[in-house]
Amino acid sequence: EAAEREAALQRARDATAAIDKRLNDLMAWLTEQEEYLKSCGPVADTYDNLVAQLDEHKKVHTGFDEHQEDYDNIVITCQELLTESEDPTVGESLDEKLQDLGNKWDSVVKASMARQRAIEEAMQICHDFQDSVNAILEWLPDAEQALDSLEPISDDYETISDQIQELLQLSYFMADQNTAVEQVCTLGAIREETGPALSEDEKARYKEMKDRYKELWNKIGARQDELNARQEALEAEDDLATFDITEWKKRFLRWMDGNHERIIDLFRKFDVNKDGTLSHQEFKDGIIQSGIPTPRSCFPIIIREFDWDDSGDIYYREFAAA
């Protein structure tokens, strides 16, 4: 019985020694991976280098896949030995090593996954940026073509009104894209400041996108200004053609009566600099601020009625007599 007991203990010691070697070998491999991860340095600052880093890092994960079965077997065998061993010193030593192995395995796996995640997140920033720029460059030609295909600005008032609405539709479409453009510009600014750095091709496409987008908005704005100016000119022409100075004077007098304004009080109110005369600008500003309906294009006609001597100033006697 004693001999059998001794033989059992010897088998346990032999098994412990065998598993101990496997455990030490795995610990040594984990230490190598740990040192490698510490020596890798920061995540790369260019997309190509990120790709190279990820390819290199995959070797670490491949190593974990290759050692996973060995790790699981070591854990199972150690647990069996701990259960069966009658030697308390062997059990304590094996239990401590098994815990160290588990802690080391989890620590290195966590560090490896964190680095892979950092590399992949940096690459995703690059992908998002590239996809966003490409998406904008895909629809820009259609918007440019839509603007270029618009008919020349008309001399007909109703047609101009339609042309303004037509341009507004393009403006609305462009406004809907502003969020996407702002987002890609934010990504571009982040990459320019903190990385990953833009490649030469990315810089070229990014600049092309911004330049074309800005130019398109400038062209839309310029056409809108031309349409508005032409519409105002046509309105002014129509106002001049139909303007009746006599009717305007009647409206002016009705307005004075309705507001209980005396001529002298109104003259003084219009005379902003209090020099006793009204400049043409003071007169125009006073009329506009009073709210008397007056087409701006017709002010030259009205001013001629008040500035009899064409001196550039309206005197009270001229104001009252007109």
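What comes next concerns the included structure.

Cut-off values and rules
- Residues numbered from 1 in each chain as written.
- Predicted model: local features only at pLDDT ≥ 70, side-chain atom pairs only at ≥ 80, totals over all residues.
- Heavy atoms only, no water.
- Phe/Tyr/Trp six-rings, centres within 6.5 Å; stacked < 30°, edge-to-face > 60°.
- Helix = DSSP H or I, 4+ residues; strand = E, 2+ residues; numbered from the N terminus.
- Buried < 20%, exposed > 50% of the residue type's maximum accessible area, 1.4 Å probe, protein only.
- Lys NZ or Arg CZ within 6 Å of the ring centre and 35° of its normal.
- Arc of directions from axis to C-beta.
- Contact = heavy atoms within 4.5 Å.
- Disulfide = S-S within 2.5 Å.
- Core = buried A, V, L, I, M, F, W, Y, C linked by side-chain atoms within 4.5 Å.

1. Details of the packing of aromatic side chains
- Following the criterion strictly, the structure yields 17 aromatic pairs and no others.
- Seen from their ring centres, Phe-64 and Trp-105 are 5.1 Å apart, and the 90° between their planes marks the pair as edge-to-face. On the criterion of sequence distance, the pair formed by Phe-64 in helix H2 (residues 47–84) and Trp-105 in helix H3 (residues 88–148) is long-range, its members being 41 residues apart.
- For Trp-105, a relative accessible area of 5% gives the class buried.
- When the ring of Phe-252 is compared with that of Phe-306, the centres are 6.4 Å apart and the planes differ by 75°; the resulting orientation is edge-to-face. Remark: Phe-306 occurs in helix H9 (residues 299–306) and Phe-252 occurs in helix H6 (residues 245–258); sequence separation between them is 54 residues. One exposure class covers both Phe-252 and Phe-306, and it is buried.
- Looking at Lys-210, its charged tip hangs above the ring of Tyr-206, at a distance of 4.2 Å from the centre.

2. What to know about helix H7 (residues 263–270)
- Residues of H7 that are buried include every one of Leu-266, Phe-267 and Phe-270, and no others. Projected onto a plane normal to the axis of H7, the buried residues spread over an arc of 100° and lie on a single side.
- Among the structural elements, H6, strand E1 (278–279), helix H8 (280–290), strand E2 (313–314) and helix H10 (316–321) are those in contact with the buried residues of H7.

3. A look at the state of the cysteines
- Applying the stated rule across the entire model yields 0 disulfides.
- No disulfide involves Cys-126; its nearest neighbouring cysteine sulfur is the one of Cys-185, lying 17 Å away.

4. Some remarks on the nonpolar core
- Of all hydrophobic cores here, the largest spans 24 residues; its most connected members are Trp-139 and Met-209.
- Counting only elements with at least two residues in this core, the list comes to H3, helix H4 (157–194) and helix H5 (200–242).
- Per-element tally for this core: the top contributor is H3, with 8 residues.
- In this structure, Trp-255, Met-256, Leu-278 and Cys-298 belong to the second largest nonpolar core, which totals 20 residues.

5. Quick look at unusual backbone geometry
- Look at the link from Gly-195 to Pro-196: it is a cis peptide, with omega at -10°.
- Position of Pro-196 among the secondary structure elements: in the loop between H4 and H5.
- A positive phi angle is found at His-260, which is not glycine, with a value near 55°.
- Secondary-structure assignment places His-260 in the loop between H6 and H7.
- Residue class for His-260 comes out exposed when judged on its relative accessible area of 72%.
- For Asp-310, which is not a glycine, the phi torsion comes out positive at approximately 55°.
- If you trace the backbone, Asp-310 turns up in the loop between H9 and E2.
- On the accessibility criterion, Asp-310 (62% relative accessible area) is exposed.

Note that every value here comes from positions in space, so none of it alone points to a role or purpose.
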